[in-house]
Amino acid sequence: MSLYQIFIEPWERHASAYWPILAMAFFVTAACGLVGNYLVLRRISLVGDAISHSVLPGIAIAFILTNSRSGPPMFIGALVAGVITTLIIEVLHSRTRIKQDAAIGITFSTMFAIGVILISLHGSHTDLDLDCVLFGKLDFLSSKEKIIMGLPGVALTMGMVALIVGCLIVLFYKELLVSSFDPNLAATIGISPRLVHYLLMCILSVVVVSAFTSVGAILVIAMLILPAATSYLLTDRLWVMMLFSLIHSFLSAIGGIHLAVAFKIPTAPATVVCGMIFFVAAWIFSPTHGLIRYWFRSRASVNGECIN
Amino acid sequence: MSTEDIAVPALEIHDLTVSYQKRPVLYGVDVTVPAGSLVGVVGPNGAGKSTLIKSVMELVQFSDGWVKVFGEDLKNNISRVGYVPQRESVDWDFPVSVIDVVLMGCYGRLGLIRRPGKEEKEKAHAALKKVGLEAYAKRQIANLSGGQQQRVFLARALAQESDLYLMDEPFAGVDAATESAIVELLREIRDQGKTLIVVHHDLGSAREYFDMMLLLNMRVVAFGKTEEVFTGDLLQQTYGGRLTVLSEIAEKFAKEQS
Amino acid sequence: MVPRIRTIIIFGVALLSVTVHEAAAARIGEIVETNPWDQIRRFITFSDRGLRLSLIGAILFGAVCGLLGSFIVVRKMALFGDAISHAVLPGVALGFLWSMSKDPVAILIGATLAGLAGSLLVGAIRRTTRIKQDAALGIVLASFFAIGLCLIRIIQNNEGASKITGLKSYLFGDVAVLDRYDVIIMGVVTISTVILFGLLYRPFLAISFDRQFAVSIGYPVRILEALFQMFLAFAIVISLQAVGVVLVSAMLITPAATAYLLVDRMHRMVWIAMGIGIVSAIIGVFLSFLGSNLPTGPFMVLSASSIFTMAYLFSPKYGRFTKWLRYRNRAKKVREENSLKSIYHVLERRGMESSGNRVLITDLSSHRKMSVTKIFKEIKNMERSGLINLEGNSVSLTDDGFEKARSVVRNHRLWELYLTNEANYASDHVHDDAEKVEHFLSEEEVSELESYLDYPQKDPHGKPIPGRASA
């Protein structure tokens, strides 16, 4: 593996595909990463995983009915599936002795199983098959999409989604902050934490569904959590954390493309691997919360005890 | 009950019954708190003290009874009530600074979307100053001691500028000096004509801190002026364990209801 | 203890001998015929030796998933199981890369190491940073899975697509690719897991229920937990080919959660979970056998979920439907007792409370502020249960009905008296509560109340408390 292959080749040989894929990858990771901040802080990261798995039957049914991967029907199908999942989890958790983790596990795996069965019964299809569920189709982006303003249509849509998510977060920054930090306080000052939670879940579903065709159902969780978790290790302020997660998204999108071209692997998992590398780097080297500092501190405290 | 000539009571709780996971925590609690009083809620562990104020804030569901705040349902008067939760109820690793937390007290008045402006920031700083934490405004909240964290919550409640305060163990994990400073602050708030209901676990100090006391043990054992209520007999009834028949039957009943 | 071990060993040896015997059989999957009836016949008659192999595989991993899943569910580690099952993927790929073939031993070792690395990493992230469990699981799950996908694609690029077909079954499961070595390994893992948990059942139970207690009585908790995680990784790995990485966690969670809805004791839960695991695995094999080229995993998961749904509705103790039935019966009892009580009240007001005395339905209606038709309907129902005699437009209580009415009124008034005298309630606040409690007091509770209150005659409002017929 030469440096040429990693750093230069993607620019030279794949120039026409480079920018659209980079734009798409960045929009996906940015939209996911922004929402992901709140998932991490509210300790519901795995709900993102659950939703991304459980919208699959909705997407599959919409696809089979309309035979296209285009927007609205898939959104509706996915949203219905997502709502059903949320309701089932709620019922299982509140009405039986099943704990929340098991309720989530049962529900999303069932929905996902239904989705996989539907897709495989429908026969192998170039647009929606099990490969798409696993790897996403980030690399096949530019082949047949209409180009608008130099970007393929799907990337533009994803960009819009990311922008809307960003705007919503800026607008409702205060509400999201207080209901994530102290839901009790939120309730007592008239901001219903339930309402905020469901709005967040709606945004999450929209993001997950729009990301589905690019990154599949399973890798979404990485796009959601890695940027937020990385920046959580680097700062103590919420808005800085969101800024850092955008930077993380951008860097891992670029890194992902170069890795993908160099190793001839799909871009989506490569982006995740790249994001993970950044996370590990932050984990080790973060000036405030990094491993190096952690070891240093714990050694210092051991020494302190000796003196005492 | 000895009420002054204040027409509308600050808080009226009528026959409140609350069960948690099929166990009764409160059973038929009936209390009317006059405005302008500093009330201590005392009782043994598991007596339902925290649950009582949480159900006033509608943070727990009750199976029976109702609550009125200044003669209205809570949702009509929610801006007049401030709640100080226990310290453990939030994640102190959350990426916010002390002043951010205090500013949250103003969020209720701001309504949707609007940002806290200069006025709110001044109020928040004033509240921080009152609890003696103005030097810590920019710190991340994990870097505070337990007592300081408790005072951040108090400052946040002050910034809320409510008429009725419900506080869940504000003295927990606080050193003696801070504790007396907090008591001073509570009295000051009371002297402004506001009402405070404070859950407290230490019977000894409760006597000197509060004007009125609510002795609670799943039911209201007594409620009234501290000197009237603080009798050996009533305290014995409060702390002498639950009434076995009552708790057995209440438990059975809570199970039947589910 | 000793007989249990013996049973387990006998069970294990029997299973192993069947496994080895069947392992000689050919693999299925070469079937071109897809007529469903024909397939069903083949399935039921077990005429296909390859099918028998996959069934044995299904039984083996169904059992081991149910066993480990029970502990996972009671320890609230369901999502941990999910994360680890995704994390084994790079290990599978590396194991494949090591031997450049689908060597089950290499894959087992690789996947187990990857799973353990994943769980260590989750622990390390949690210990050394402020990132919480959920995010740590998500990070490990997705990163490992992505690495696995990349490795698989790299292998595919280097070795060509033909080699990869064996690997593909690891993602969504294909029971048809199980060969003799796979099944032998499954047998060995299952038997050793069953033996291990048979021997160490009590320590594992103690850890699951109260970890600190287990530490305090000197169990080597850390070692046991490491052992548990190792066997969890084993269980996941042997299930991989049949269920697939993506869905294997469901086979851990769902059967165990189903058992959790059905029984209250851990050892029963384990047995039932194993049973459900086996049954759903077999149904999954059957369903995917009907069509051609269908992944097995989703069908297994779906059948496990169906069994779960049945338990959710009809579990004798915790089922929704059974609960609803109980609720309906209770509501009926309350309605009946209220009617009896109101007849008693009307009689009492006239000073003539005894059985046989008649009350007009219109009087009842004005007493209870309910419409005549509604009361009439209720009384009709009660006549059938022999509590009431209906004659024209008036009713009377039978002896049974009268006794019941007296006891309801007695309960009500005793409870009012108890609340006022002993529990510091105001006497004008006790009626509503007594209206509800009167229906739920048992015989013993009434005696307890009576003796506690020193066999009182009057309630707080001065009304007489009816005595007991026998007393």
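Residues numbered from 1 in each chain as written. Chains lettered and ligands numbered in written order. Predicted model: local features only at pLDDT ≥ 70, side-chain atom pairs only at ≥ 80, totals over all residues. Heavy atoms only, no water.

Bringing the overall build of chain B into the picture now. Within chain B, the regular secondary structure consists of ten helices and nine strands. Computed over C-alpha atoms, the radius of gyration of chain B comes to 19 Å, within 12% of the 18 Å expected from 2.2 N^0.38 for 258 residues, which places it in the range of a compact globule. Summarising its shape, the C-alpha atoms of chain B cover approximately 55 × 40 × 40 Å along the three principal directions. Across the 258 residues that make up chain B, the buried fraction comes to 57%. Intrachain contacts of chain B at a sequence separation of at least 6 include 70% that bridge at least 24 residues. When the accessible surface of chain B is totalled, it reaches about 10,700 Å², and 47% of it is carbon and sulfur. Here chain B contributes 29 positive and 35 negative side-chain charges, whose respective centroids are spaced 6 Å apart. (Helix = DSSP H or I, 4+ residues; strand = E, 2+ residues; numbered from the N terminus. Rg over C-alpha atoms; globule rule 2.2 N^0.38 Å. Buried < 20%, exposed > 50% of the residue type's maximum accessible area, 1.4 Å probe, protein only. Contact = heavy atoms within 4.5 Å. Areas by Shrake-Rupley, 256 points an atom, 1.4 Å probe, with all protein chains shown as cover. Lys, Arg positive; Asp, Glu negative; His and termini not counted. Charge placed at Lys NZ, Arg CZ, Asp CG, Glu CD.)

Where side chains of opposite charge bring their charged atoms close, a pairing between them can arise. Across all of its chains, the model carries 30 salt bridges over all chains by this definition. Linking A:Arg97 and C:Asp264 is a salt bridge whose minimum nitrogen-to-oxygen distance equals 3.2 Å. In this pair, A:Arg97 sits in the loop between α5 (71–95) and α6 (100–121) while C:Asp264 sits in the loop between α13 (248–262) and α14 (266–290), so the two residues belong to two different chains. Classification of A:Arg97 as partly exposed rests on a relative accessible area of 23%. (Salt bridge = Lys/Arg side-chain N within 4 Å of Asp/Glu carboxyl O.)

This paragraph deals with the packing of aromatic side chains. With the rule as written, the count across this model stands at 20 aromatic pairs over all chains. Summarising the aromatic geometry, the rings of C:Phe71 and C:Phe228 are spaced 6.3 Å apart at their centres and angled 70° between planes, so their arrangement reads as edge-to-face. Taken together, the positions of C:Phe71 in helix α3 (residues 49–74) and C:Phe228 in helix α12 (residues 221–243) put the pair 157 residues apart, joining distant regions of the chain. Comparing C:Phe71 with C:Phe228, the two get one shared label, buried. Taken together, A:Phe181, B:Trp92, B:Phe94 and B:Phe153 form an aromatic cluster joined through their ring pairs. Positioned over the ring face of B:Phe70 is B:Arg80, at 3.8 Å from the centre of the ring. Stacked on the ring of C:Tyr181, the Lys or Arg C:Arg180 has its end atom at 5.3 Å from the ring centre. (Phe/Tyr/Trp six-rings, centres within 6.5 Å; stacked < 30°, edge-to-face > 60°. Lys NZ or Arg CZ within 6 Å of the ring centre and 35° of its normal.)

Turning our attention to the packing of helix α12 (residues 220–232) of chain A against helix α14 (residues 267–285) of chain A. All names here are of chain A. Between α12 and α14, the shortest axis-to-axis distance is 9 Å and the interhelical angle comes to 20°. Accordingly, the angle class assigned to the pair α12 and α14 is roughly parallel. Where α12 crosses over α14, the two elements pack in a sense that is left-handed. Residue-level inspection shows Ala 222, Met 223, Leu 226, Ala 229 and Thr 230 of α12 in contact with α14, the latter providing Ala 268, Thr 271, Val 272, Gly 275, Met 276, Phe 278, Phe 279 and Ala 282. Along the lines of polarity and charge, the residues of the contact of α12 with α14 split into ten nonpolar, three polar and no charged. (Axes fitted to C-alpha atoms, helices over the stretch in contact; angles between N-to-C directions. Parallel < 35°, antiparallel > 145°, perpendicular 65-115°, else oblique. Left-handed = near helix turned anticlockwise from the far one by under 90°. Nonpolar A, V, L, I, M, F, W, Y, C, P; charged D, E, K, R; others polar.)

Turning to the environment of A:Ser120, a few remarks are in order. Take A:Ser120: it is sitting in helix α6. Each C-alpha atom of the pair A:Ser120 and A:Ala60 lies 9.9 Å from the other, and the pair is 60 residues apart in sequence. The contact partners of A:Ser120, leaving out residues within four places of it in the chain, are C:Leu294 and C:Pro295.

Right, let's get into the interface of chain A and chain C. Tallying the contact residues gives 59 residues for chain A and 56 residues for chain C. Together, A:Leu46, A:Arg97 and A:Trp283 form the three largest contributors to the area buried by chain A at its contact with chain C, with a combined 13%. Where chain A meets chain C, there are two salt bridges. Inspection of the chain A/chain C interface yields 15 residue pairs in polar contact (both at pLDDT 80 or more). (Buried area = accessible area lost by both parts, 1.4 Å probe. Polar contact = N/O pair within 3.5 Å; in protein donor to acceptor, adjacent residues only side chain to side chain.)

Turning next to the pairing of strand β2 (residues 388–391) of chain C. All names here are of chain C. The alternating pattern of β2 places Ile 388 and Leu 390 on a buried face, while none of Asn 389 and Glu 391, on the opposite face, is buried. In this sheet, strand β3 (residues 394–397) lies alongside β2 in antiparallel orientation, the contact comprising four bridges. Bridging from a neighbouring strand, Leu 390 pairs with Val 395 of β3. In textbook terms, the turn of a hairpin is the stretch between consecutive antiparallel strands, and for β2 and β3 this stretch comprises two residues, one of which, Gly 392, has a positive phi near 60°. (Pairing = 2+ DSSP bridges.)

Moving on: the interface of chain A and chain B. Tallying the contact residues gives 24 residues for chain A and 30 residues for chain B. Both sides together, the interface formed by chain A and chain B hides about 2,600 Å², and carbon and sulfur atoms give 66% of it. Per-residue buried area on chain A facing chain B is highest for A:Lys174, A:Phe181 and A:Thr188; these three make up 30% of the total on that side. At the junction of chain A and chain B, the tally comes to three salt bridges. A salt bridge links B:Arg156 to A:Asp182, with the shortest nitrogen-to-oxygen separation between them at 2.9 Å. Where chain A packs against chain B, one counts seven residue pairs in polar contact (both at pLDDT 80 or more). Those elements that provide at least two residues to the side of chain A that touches chain B are α8 (153–171), α9 (173–181), α10 (183–188) and α13 (238–263) of chain A. Top element by residues in the side of chain A that touches chain B is α9(A). It accounts for seven residues. Among the residues making up the side of chain A that touches chain B, the classes are represented as 14 nonpolar, four polar and six charged.

Here we come to the environment of C:His345. Residues and elements named next belong to chain C. Following the sequence through the fold, His 345 ends up in helix α16 (residues 320–349). When its relative accessible area of 23% is taken as the criterion, His 345 is described as partly exposed. Between the C-alpha atom of His 345 and that of Val 409, which follows or precedes it by 64 residues, the distance is 8.6 Å. When neighbours within four sequence positions are excluded, His 345 is seen to be in contact with His 367, Val 409 and Arg 413.

Soluble globular proteins tend to pack their nonpolar side chains together in the buried interior. Of all hydrophobic cores here, the largest spans 265 residues; its most connected members are A:Phe112, C:Phe61 and C:Phe145. If we ignore the near neighbours within four places in the chain, the residues touching C:Phe145 are A:Leu134, A:Ile218, A:Leu219, C:His86, C:Leu89, C:Val140, C:Leu171, C:Val245 and C:Val246. (Core = buried A, V, L, I, M, F, W, Y, C linked by side-chain atoms within 4.5 Å.)

Moving on to the sheet that holds strand β1 (residues 11–20) of chain B. Residues and elements named next belong to chain B. What the three strands build is an open sheet, ordered β2-β1-β4; its pairing is antiparallel. At either end of the open sheet lies a strand with only one pairing partner, and these are β2 (23–33) and β4 (64–69). Pairwise comparison of adjacent strand axes, ignoring direction, gives a mean angle of 20° for this sheet. Note that β1 and β4 share five bridges and pair antiparallel. Following the sheet pairing, Ile 13 is matched in β4 by Val 67. Packed onto the sheet, helix α1 (residues 49–56) meets β1, β2 and β4 and runs at close to 115° relative to β1.

A few words on the sheet that holds β2(C). Residues and elements named next belong to chain C. Taken in spatial order, the three strands of this open sheet run β1-β3-β2, and their pairing is antiparallel. Every other strand in the sheet has two partners, leaving β1 (358–360) and β2 as the edge strands with one partner each. Neighbouring strand axes in the sheet, compared pairwise and without regard to direction, differ in orientation by 30° on average. Docked against the sheet, helix α17 (residues 361–368) engages β1, β2 and β3, running at close to 65° with respect to β1.

Let us look at the confidence of the model for chain A. In this model, chain A carries an average pLDDT of 83, and 85% of its residues clear a pLDDT of 70 or more. Counting contacts from residues 304–308 of chain A, a segment whose pLDDT is below 50, to residues more than four positions away or on other chains yields zero contacts. (pLDDT = per-residue confidence, 0-100.)

So, on to the side chain of B:Glu169. All names here are of chain B. Here Glu 169 is to be found in the loop between β6 (164–168) and α6 (176–191). Among buried Asp, Glu, Lys and Arg side chains, Glu 169 stands out as unpaired, with Lys 49 the closest opposite charge at 4.7 Å. Excluding anything up to four places from it in sequence, Glu 169 contacts Lys 49, Gln 86, Gln 150, Val 199 and His 201.

All names here are of chain B. Unlike most non-glycine residues, Phe 70 shows phi in positive territory, near 45°. Within the element layout of this structure, Phe 70 appears in the loop between β4 and β5 (81–84). A relative accessible area of 12% places Phe 70 in the buried class. Even without glycine at this site, Glu 161 takes up a positive phi of about 50°. Of note, Glu 161 is situated in the loop between α5 (146–160) and β6.

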